[in-house]
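# Reading the structure
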Amino acid sequence: MWAELARIGKDPDSGGYHRGGWTPAERAATHWFTDQCASRGLRLEPDGIGNLVAWWDAGSGPGVVTGSHLDSVIDGGAFDGPLGVVSALAAVDRMRAAGFEPRVPIGVGAFVEEEGSRFGMPCLGSRVAVGALPAARALDLTDRSGTTLRSALASAGTDPAGVGVSPLLERMSAFIELHVEQGRGLVDSGAAVGVASSIWPHGRYRFEFTGEANHAGTTLMEDRRDPMLTYATTALAANKQARLAGARATFGRVSVEPNGTNAVPSRVTAWLDARAADSATVESLLEAITRQAGERASRDGTEVVVTAESVSPVVDFQPALRDRLVEALEPVVPKAPVLPTGAGHDAGIFSAAGVPTAMLFVRNPTGVSHSPAEHAEMDDCLAGVEALALALKDLAS
Ligand code: GLV
Ligand code: MN
Ligand code: MN
């Protein structure tokens, strides 16, 4: 399964993946998933926006869902998302091979546009599914070429009128997401698999710096109103403030107008991703960066407007479920480490919506993620499948 999926949408130059929501590569990966579900006789249940859960039925009541996402960041790695989907299918295979008969249904899920790499909203599919993002707002989101989600869905053959709170939510008695670790916590602990304690709060903010386009050769330095300078100073301020606060701040996306070598730009738009262990720190970090941006703007004769595009609070996974999984994992991972993560996940959205939720992490030897270099060793991935099968058995017995 891993080898088949790894071929879909792989960039021959970078070795990374460009599987934004509803792009051809993401759709091909999704077709691969539905074929896998069909070949196992799992009953596929899509919701309005295209989240998929494939059920190993055991009665018609609510069931335990596991899975992750098949979309990627721009030039992402093979593991972030797909590892959780492939491991879920492999865990079902192992449980069936061992003759396990679940007392409640087990569902394998693939949730759309988790990264928000196309429409800018992280966990888009799960947010809509739980009602945290109203359908009307979601459908108006646009990608970089101005295509709305509404029209992307229509082009993919999905009726936008069906987008809204998902019936799948009612059917989830618990959700477990297995994910490649996106740091070095497990390397340091020496374990192949760990259990999540919490997800850091996270905000995405659009900074629009405006100035005045002018000639690069003739405009005196003191006559310029250059928004690039305001942006550059803001990026440095973000780095400094995040270090001071023990937080994370990243400007990873910038767009410049008119984007010409020989013109002072008229506008720079940059997106800040800010995270910390608690929301108060994210807020004070944003305040400090915004203040420094404003101060610099008044020196540069530019303007800056900051807009929050998404803000996610801290997620503390249920301690009882977390401890239960640590115990269930004992035969494969003795004393599984319990660790927080700075990465966002659909599991966080489901947890915040009241679904008992847990996460398993598989060791990442370098900690690198959101990059073609993201990696996990096959033995660790197989330990992850074993651990997931144990967890599912425990919850579905
Ligand atoms: C998703 O992986 C995120 O944390 O941005
Ligand atoms: Mn990711
Ligand atoms: Mn992910």
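Our subject is the structure listed above.
The rules we used
- Residues numbered from 1 in each chain as written.
- Chains lettered and ligands numbered in written order.
- Predicted model: local features only at pLDDT ≥ 70, side-chain atom pairs only at ≥ 80, totals over all residues.
- Heavy atoms only, no water.
- Donors = N, O, S within 2.8 Å, 3.2 Å for Na, K, Ca; no water.
- Helix = DSSP H or I, 4+ residues; strand = E, 2+ residues; numbered from the N terminus.
- Buried < 20%, exposed > 50% of the residue type's maximum accessible area, 1.4 Å probe, protein only.
- Core = buried A, V, L, I, M, F, W, Y, C linked by side-chain atoms within 4.5 Å.
- Contact = heavy atoms within 4.5 Å.
- Expected span 1.5 Å × (residues − 1).
- Pairing = 2+ DSSP bridges.
- Polar contact = N/O pair within 3.5 Å; in protein donor to acceptor, adjacent residues only side chain to side chain.
- Phe/Tyr/Trp six-rings, centres within 6.5 Å; stacked < 30°, edge-to-face > 60°.
- Lys NZ or Arg CZ within 6 Å of the ring centre and 35° of its normal.
- Near = heavy atom within 4 Å.
- Nonpolar A, V, L, I, M, F, W, Y, C, P; charged D, E, K, R; others polar.
- Salt bridge = Lys/Arg side-chain N within 4 Å of Asp/Glu carboxyl O.
- Arc of directions from axis to C-beta.
- Axes fitted to C-alpha atoms, helices over the stretch in contact; angles between N-to-C directions.
- Parallel < 35°, antiparallel > 145°, perpendicular 65-115°, else oblique.
- Left-handed = near helix turned anticlockwise from the far one by under 90°.

## Some points on the coordination of the manganese ion (ligand 3)
Each protein donor to the manganese ion (ligand 3) is listed here as His69 (NE2), Asp80 (OD) and His179 (NE2); together their distances run 2.0 to 2.2 Å. Between the manganese ion (ligand 3) and the manganese ion (ligand 2), a separation of 3.6 Å is found, and both are coordinated by Asp80. In this pair, Asp80 is assigned in the loop between β5 (74-76) and α3 (82-97) and His179 in strand β7 (residues 172-180), connecting sequence segments 99 residues apart. For the pair formed by Asp80 and His179, the shared burial category is buried.

## Some points on the nonpolar core
Of all hydrophobic cores here, the largest spans 78 residues; its most connected members are Phe33 and Leu360. In terms of residue count, the dominant contributor to this core is helix α12 (residues 378-396) (10 residues). Setting aside anything within four residues of it in sequence, one finds Phe33 in contact with Leu44, Leu52, Leu70, Val85, Leu89, Val108, Gly109 and Ala110. Judged by nonpolar contacts, the second largest core, of 19 residues, contains Phe207, Phe209, Ala247 and Leu286.

## Comments concerning the coordination of the manganese ion (ligand 2)
Bound to the manganese ion (ligand 2) on the protein side are Asp80 (OD), Glu115 (OE), Glu115 (OE) and His370 (NE2), at distances that span 2.0 to 2.6 Å. Sequence spacing of the donor residues for the manganese ion (ligand 2), all on one chain, is D-x34-E-x254-H. Judged by its relative accessible area of 5%, Asp80 falls in the buried class.

## Brief notes about α12
Between the first and last C-alpha of α12 there are 27 Å, a value that for 19 residues agrees with the 27 Å anticipated at 1.5 Å per step. Within α12, burial applies to Asp380, Cys381, Ala383, Gly384, Val385, Ala387, Leu388, Ala389, Ala391, Leu392, Leu395 and Ala396.

## Overview of the pairing of strand β17 (residues 357-362)
Among the 6 residues in β17, 6 count as buried, and that is most of the element. Every second residue of β17 is oriented toward a common face, with Thr357, Met359 and Phe361 on one face and Ala358, Leu360 and Val362 on the other, all of them buried. Pairing between β7 and β17: 6 bridges, direction parallel. In the strand pairing of β17, His179 is matched with Phe361.

## Concerning the environment of Leu236
You can see Leu236 is positioned in helix α8 (residues 227-245). Given a relative accessible area of 63%, Leu236 falls into the exposed group.

## Regarding the side chain of Gln36
With respect to the element layout, Gln36 can be found in helix α2 (residues 24-39). Overall, Gln36 belongs to the buried group, its relative accessible area being 12%. Of the polar contacts made by the side chain of Gln36, one reaches the side chain of Arg40; its length is 2.7 Å.

## Overview of the packing of aromatic side chains
Aromatic ring pairs are described here by two measures, namely the spacing of the ring centres and the angle between the planes. Counting across every chain of the model gives 9 aromatic pairs. We note Arg171 situated over the ring of Trp55; from NZ or CZ to the ring centre the distance is 4.2 Å. The cationic tip of Arg253 hangs over the ring face of Trp271; the distance from NZ or CZ to the ring centre is 3.7 Å.

## Some remarks on the site of ligand 1
Around ligand 1, the surrounding shell consists of Glu115, Arg275, Ala343, Gly344 and His370. His370 is positioned such that a nitrogen or oxygen atom in its side chain is 3.1 Å from an oxygen atom of ligand 1. Among the residues forming the shell around ligand 1, the class breakdown is 1 nonpolar, 2 polar and 2 charged.

## A closer look at the pattern of salt bridges
All told, the structure shown has 16 salt bridges when counted by the stated rule. Where Arg43 meets Asp57, a salt bridge forms, and the shortest distance between an N and an O atom there is 2.8 Å. Residue Arg43 is found in strand β2 (residues 43-46), and its partner Asp57 is found in the loop between β3 (52-56) and β4 (63-68); the two are separated by 14 residues along the sequence. Overall, the relative accessible area of 37% leaves Arg43 in the partly exposed class. Across the salt bridge formed by Arg363 and Asp380, the nearest N and O atoms sit 2.8 Å from each other. Here Arg363, found in the loop between β17 and α12, pairs with Asp380, found in helix α12; they are 17 residues apart in sequence, far enough to count as distant. A single network of salt bridges, built from pairs that share partners, joins Arg206, Glu208, Arg267 and Glu309.

## A word on α8
One turn of the α-helix equals 3.6 residues, which is why residues spaced by three or four share an orientation. With 19 residues, α8 extends 26 Å from end C-alpha to end C-alpha; this agrees with the ideal 27 Å at 1.5 Å per step. Within the span of α8, buried status applies to Pro227, Thr230, Tyr231, Thr234, Ala237, Ala238, Gln241 and Ala242. Looking straight down α8, one finds its buried side chains confined to an arc of 125°; they lie on one side. The exposed residues of α8 that point more than 90 degrees off its buried face are Leu236, Lys240, Arg243 and Leu244. Structurally, α8 contributes buried residues whose contacts are with β9 (202-210), β11 (248-257), β13 (267-275) and α9 (279-300). Structurally, the start of α8 carries an N-cap: the backbone nitrogen of Met228 is 2.8 Å from a side-chain oxygen of Asp226. Downstream of α8 by one or two residues, Gly246 has phi in the positive range, about 65°.

## Describing the packing of α8 against α9
How two helices sit against one another is set out by the angle between their axes and by the gap between those axes. The geometry of α8 relative to α9 is characterised by a closest axis approach of 9 Å and an angle of 150° between their N-to-C directions. Here α9 runs roughly antiparallel to α8, going by the angle between their axes. The element α8 and its partner α9 pack so that their crossing is right-handed. Every residue of α9 that contacts α8 at Leu229, Thr230, Thr233, Thr234, Ala237, Ala238, Gln241, Ala242 and Ala245 is listed here: Thr281, Leu285, Ala288, Ile289, Gln292, Ala293, Arg296, Ala297 and Asp300. Split into classes, the residues belonging to the contact of α8 with α9 amount to 10 nonpolar, 6 polar and 2 charged.

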